[in-house]
Amino acid sequence: MNKELLNWEKTVGITFLRDIGVKEKDVVIDFGCGAGFYCISAAFIVGAGGKVYAIDKSGNGFRSLRDRYSQSGLKNIEMIKTNGELDLNLQNEIADVALLYDVLHYFSDQNRKNLIKEMRRLLKKEAILSIHPTHLKTTAFKHLINEIVELGFDYKGISKGNLIHYNFFEVSLVYNFKRA
Ligand SMILES: C[S@@+](CC[C@H](N)C(=O)[O-])C[C@H]1O[C@@H](n2cnc3c(N)ncnc32)[C@H](O)[C@@H]1O
């Protein structure tokens, strides 16, 4: 793993997630976490009193995440390897923040809605849903915002950051919602 990526999750990533509203003692769900750059940043913010659920259907990213996690001194990430199901084995309203970063393009229209509904089930009232909608046409963003509002969220606006997309840095936008 290159040094800039390792540095990002302890610096820029933390600042970015704080800006979208992640705070100490929060419970964060990172669905489709991949190698878990955002998980590590979130885990530093939420601290020992909080928790990060790193969820992915592939074990590939977990190998890298596990290495970095064990070297970080953090003890607050739970890695959950699924079979791709959208009904997760977690209780209702456990989370303060859910991240759907660079993952929505994996889903059909219907399953994208099912995923948003599942995040709504897991989020507390007024909790944050943050979406990094990559690989979508610009015209699809407005439709996506309307769809998420219709599924029971209030749209809060855009955050811009120097984000990681795969293993590259990219100035990019995320869309933030509050669970209504
Ligand atoms: C492109 S990566 C994004 C990783 C990370 N969120 C990021 O922004 O760096 C997308 C990840 O979503 C995972 N994924 C796709 N469909 C999924 C599903 N149904 N359940 C869990 N994970 C899924 C993939 O395995 C992959 O690791």
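These notes cover the structure that comes with them. (Residues numbered from 1 in each chain as written. Predicted model: local features only at pLDDT ≥ 70, side-chain atom pairs only at ≥ 80, totals over all residues.)

Considering the sheet that holds strand β4 (residues 95-101)
If you trace the seven strands from one edge of the open sheet to the other, you get β3-β2-β1-β4-β5-β7-β6, paired in mixed fashion. Only two strands of the sheet have a single partner each, and these edge strands are β3 (77-81) and β6 (153-165). With direction set aside, neighbouring strand axes in the sheet form an average angle of 20 degrees. Relative to strand β7 (residues 168-179), β6 runs antiparallel, the two being bridged by twelve bridges. Pairing of Asn-162 across the sheet is with Val-171, part of β7. Sheet contacts for helix α3 (residues 37-46): β1 (27-31), β2 (51-56), β3, β4 and β6; angle to β2, the most-contacted strand, approximately 170 degrees. (Pairing = 2+ DSSP bridges. Helix = DSSP H or I, 4+ residues; strand = E, 2+ residues; numbered from the N terminus. Axes fitted to C-alpha atoms, helices over the stretch in contact; angles between N-to-C directions. Contact = placed C-beta atoms within 7 Å.)

Here we look at the environment of Leu-99
Mapped onto the elements, Leu-99 comes out in strand β4. Residue classification places Leu-99 among the buried residues on the basis of 28 C-beta atoms within 10 Å. Expressed as a C-alpha distance, the spacing of Leu-99 and Val-174, which sit 75 residues apart in the sequence, is 9.8 Å. (Buried ≥ 20, exposed ≤ 12 C-beta atoms within 10 Å, placed from the backbone.)

Some details on the site of the ligand
Inspection of the region around the ligand gives 16 residues, with Gly-32, Gly-34, Ser-58, Tyr-101 and Asp-102 positioned closest. Taken together, the residues of the shell around the ligand break down into seven nonpolar, six polar and three charged. (Near = placed C-beta within 6 Å. Nonpolar A, V, L, I, M, F, W, Y, C, P; charged D, E, K, R; others polar.)

Re the nonpolar core
In summary, soluble globular proteins display a tendency toward joint burial of nonpolar side chains. Counting residues in hydrophobic clusters, the biggest one holds 49 residues, and the most contacted among them are Val-28, Cys-39, Ala-42 and Ala-98. Of the residues forming this core, the biggest block, nine residues, is contributed by α3. Not counting chain neighbours up to four residues away, the residues in contact with Cys-39 comprise Asp-30, Cys-33, Val-52, Ala-54, Leu-65 and Ile-77. (Core = buried A, V, L, I, M, F, W, Y, C linked by C-beta atoms within 7 Å.)

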